[in-house]
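Per-entry structural report
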Amino acid sequence: MTKPASAPVRHYLQFSDLSADDYAHLFTRAAEIKRKFKTYEKYHPLADRTLAMIFEKASTRTRVSFEAGMYQLGGSVVHLTTGDSQLGRAEPIEDSARVISRMTDIVMIRTYGQDKIERFASHSRVPVINGLTNEFHPCQILADIFTFIEHRGSIKGKVVAWVGDGNNMANTWLQAAELLGFTVHLSTPSGYEVDQAVAGLQGNACYKVFADPLEACRDADLVTTDVWTSMGYEAENDVRKQAFADWCVDEAMMQVARPEALFMHCLPAHRGEEVSAEVIDGPQSVVWDEAENRLHVQKALMEFLLLGRVNA
Ligand code: CP
Ligand code: NVA
């Protein structure tokens, strides 16, 4: 079998790159792939395929889940960082994309601006996956929604409270809400609001804004937050600590949510800042399932991007 040089390529650069129907397929596949993993059932549909992982920012979960996931699917992995490749010595991103995509079958990138991953993708012969940019973190929301479904069933019509920064995670939750039919209750400190244009939304029907984070959590089915200072914004840390002081998800916020509400956090977390230890380590928290599910959903995603709708 020869590798086609110009087969149609699907990328996963933001949540809206797939349809609601694609997501229904992915969630079914993720459950089946998880079942195989838990029972040590060999499943090597990506034998002889290679994943290139490019990290321009730090990672634990994304690195381990993509690397372990690709090996578990029978493939192999190449790991690049800015510091140990020509990416850090100003080789144009377009040239890097042309070269890396001739040698590998799929690429995952964690970088700064969304424009950078888009430029890479537009010069890549193979699918490109967003492993986090300043604007989006679609693989995380894929895992989060899969985790919600596992615990509570469909997310359609539900309320997700977002407490904290109007960042990459918030933007991606909003895209998911618009596509999958749920509502986000957004509460961010003044000056850290979501920018609807950056989030790439069609309209504002999928979210409501709350000045008071407690009110955002009222009757929510899921309460979620993230670090006050994302990677790349470390210089703002001291200012942010002051601005975000009232945006710590605590037991009072969980108490006004629905009794069966879940708590999620993409991790890494700072107990005592964006979430209290009682909440993240408490009975409503599903953060460890959420982290584990990165593995299963991304295996389903790689299978989908490389092989289409498999039913094995
Ligand atoms: N949640 C997440 O993406 O974690 P890492 O930064 O460790 O990859
Ligand atoms: N918003 C965080 C998520 C980390 C997984 C960041 O971008 O650093």
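This text follows the structure it describes.
Predicted model, so just to flag it, every value in this text is computed and none were measured. (Residues numbered from 1 in each chain as written. Chains lettered and ligands numbered in written order. Predicted model: local features only at pLDDT ≥ 70, side-chain atom pairs only at ≥ 80, totals over all residues. Heavy atoms only, no water.)

**What to know about the overall build of the protein chain**
Within the protein chain, the secondary structure is distributed over 12 helices and 9 strands. Rg of the C-alpha trace for the protein chain: 19 Å, near the compact-globule value of 20 Å for 312 residues, within the 12% margin. Looking at the protein chain residue by residue over its 312 residues, the buried ones come to 54%. Restricting the contact set of the protein chain to residue pairs at least 6 apart, pairs at least 24 apart contribute 74%. As presented, the protein chain carries roughly 13400 Å² of accessible surface, and 51% of it is formed by carbon and sulfur atoms. With 31 positive and 42 negative side-chain charges, the protein chain shows a spacing of 8 Å between the two charge centroids. (Helix = DSSP H or I, 4+ residues; strand = E, 2+ residues; numbered from the N terminus. Rg over C-alpha atoms; globule rule 2.2 N^0.38 Å. Buried < 20%, exposed > 50% of the residue type's maximum accessible area, 1.4 Å probe, protein only. Contact = heavy atoms within 4.5 Å. Areas by Shrake-Rupley, 256 points an atom, 1.4 Å probe, with all protein chains shown as cover. Lys, Arg positive; Asp, Glu negative; His and termini not counted. Charge placed at Lys NZ, Arg CZ, Asp CG, Glu CD.)

**Side note on the pairing of strand E8 (residues 222–225)**
Where burial is concerned, the two faces of E8 agree: the one with Leu 222 and Thr 224 and the one with Val 223 and Thr 225 are both buried. Two elements, strand E5 (residues 159–163) and E8, share 4 bridges in a ladder whose sense is parallel. What sits directly across from Trp 162, in E8, is Thr 224. (Pairing = 2+ DSSP bridges.)

**Focus: the state of the cysteines**
Counted under the stated rule, the structure contains 0 disulfides. Here Cys 139 is not cross-linked by a disulfide; its sulfur's nearest cysteine counterpart is in Cys 266, at 12 Å. We classify Cys 139 as buried; its relative accessible area is 0%. Its sulfur unpaired, Cys 248 is 11 Å from the next cysteine sulfur, which belongs to Cys 217. Among the residues examined, Cys 248 registers a relative accessible area of 16% and is labelled buried. (Disulfide = S-S within 2.5 Å.)

**Quick look at the sheet that holds strand E3 (residues 106–110)**
Spatial ordering of the open sheet is given by E2-E1-E3-E4, a layout of 4 strands whose pairing is parallel. Lying at the two open borders of the sheet, with one neighbouring strand each, are strand E2 (76–81) and strand E4 (128–130). Adjacent strand axes in the sheet meet at a mean angle of 20° when their direction is disregarded. (Axes fitted to C-alpha atoms, helices over the stretch in contact; angles between N-to-C directions.)

**Let's talk about helix H4 (residues 114–122)**
Inspection of H4 places Gln 114, Ile 117, Phe 120 and Ala 121 among the buried residues, and these make up the whole buried set. For H4, the angular spread of buried residues about the axis comes to 125°, placing them on one side. Tucked inside the fold, the buried residues of H4 contact strand E1 (50–55), helix H3 (93–103), E3 and E4. (Arc of directions from axis to C-beta.)

**Side note on the nonpolar core**
Tyr 12, Ile 129, Ile 145, Trp 173 and Phe 182 are the most contacted members of the largest nonpolar core, which totals 58 residues. Excluding its chain neighbours within four sequence positions, the residues that come into contact with Tyr 12 are Asp 17, Leu 18, Tyr 23, Val 128, Ile 129, Asn 130, Pro 138, Cys 139, Leu 142, Leu 301 and Leu 305. Counting residues in each nonpolar core, the second largest holds 22 residues, with Cys 217, Trp 228, Ala 261 and Val 279 among its members. (Core = buried A, V, L, I, M, F, W, Y, C linked by side-chain atoms within 4.5 Å.)

**Structural notes on the site of ligand 2**
Contacts to ligand 2 come from Leu 132, Asn 167, Asn 168, Asp 226, Val 227, Ser 230, Met 231, Cys 266 and Leu 267. For ligand 2, a nitrogen atom lies 2.7 Å from a polar atom in the side chain of Ser 230. Note that an oxygen atom of ligand 2 is positioned 2.8 Å from one of the backbone N or O atoms of Met 231. The protein chains hide 94% of the 270 Å² of surface that ligand 2 would expose on its own. A breakdown of the residues in the shell around ligand 2 according to their chemical character gives 5 nonpolar, 3 polar and 1 charged. (Near = heavy atom within 4 Å. Polar contact = N/O pair within 3.5 Å; in protein donor to acceptor, adjacent residues only side chain to side chain. Nonpolar A, V, L, I, M, F, W, Y, C, P; charged D, E, K, R; others polar.)

**Focus on unusual backbone geometry**
In this structure, Pro 268 follows Leu 267 across a cis peptide bond, with omega equal to 5°. With respect to the secondary-structure elements, Pro 268 resides in the loop between strand E9 (262–265) and helix H11 (277–280). The phi torsion at Ala 90 lies on the positive side, around 70°, for a residue other than glycine. The residue Leu 132 is not glycine, and still its phi comes out positive at about 125°. Overall, the relative accessible area of 8% leaves Leu 132 in the buried class.

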